[in-house]
Amino acid sequence: MNKQETAKILFAISSVYQSFETNDAKVAIWHEMLKDIDFKYVFEGLKRVIKKSERIPTIAEIRNEAGITQYLNGGGTLDEPGDRKTIEQNTVGIQYQNE
């Protein structure tokens, strides 16, 4: 994901949550934390978080949801050593837990 795409993510967040303000420093920090993930997975992850939560999403929440979206689309996982996720899809929905 590039910085322009990161800015789009932050703009989407600020459009939904009016108290969320963006600036160049915030774009730089969020970009550093999300740049290893494809924009389409981050955006889908953001949509999933917004649907579930009334509060402003965190980077970690978006990364988790982006990882689930990527995994379900056959793109592998975003797991890091020591923080592996077990993800399974069932008829009720998606469940995941730390191993």
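Rules of the game
- Residues numbered from 1 in each chain as written.
- Predicted model: local features only at pLDDT ≥ 70, side-chain atom pairs only at ≥ 80, totals over all residues.
- Heavy atoms only, no water.
- Axes fitted to C-alpha atoms, helices over the stretch in contact; angles between N-to-C directions.
- Helix = DSSP H or I, 4+ residues; strand = E, 2+ residues; numbered from the N terminus.
- Parallel < 35°, antiparallel > 145°, perpendicular 65-115°, else oblique.
- Left-handed = near helix turned anticlockwise from the far one by under 90°.
- Contact = heavy atoms within 4.5 Å.
- Expected span 1.5 Å × (residues − 1).
- Buried < 20%, exposed > 50% of the residue type's maximum accessible area, 1.4 Å probe, protein only.
- Arc of directions from axis to C-beta.
- Polar contact = N/O pair within 3.5 Å; in protein donor to acceptor, adjacent residues only side chain to side chain.

Looking now at the packing of helix α1 (residues 3-16) against helix α2 (residues 24-34). Following both chains from N to C, one finds α1 and α2 inclined at 110°, their axes separated by 9 Å at the closest point. The angle between α1 and α2 falls in the class roughly perpendicular. Between α1 and α2 lies a crossing of right-handed hand. Between α1, through Lys3, Thr6, Ala7, Leu10 and Ile13, and α2, the contact on the second element is made entirely by Lys26, Val27, Ala28, Trp30 and His31.

For helix α3 (residues 39-52), built from 14 residues, the straight-helix expectation of 20 Å at 1.5 Å per residue is met to within 8% by its first-to-last C-alpha distance of 20 Å. Among all positions in α3, only Tyr41, Val42, Gly45, Leu46 and Val49 are buried. Projected onto a plane normal to the axis of α3, the buried residues spread over an arc of 140° and lie on a single side. Elements in contact with the buried residues of α3: α1, α2 and α4 (59-72). Looking at where α3 begins, the residue whose side-chain oxygen comes 3.0 Å from the main-chain nitrogen of Lys40 is Asp38.

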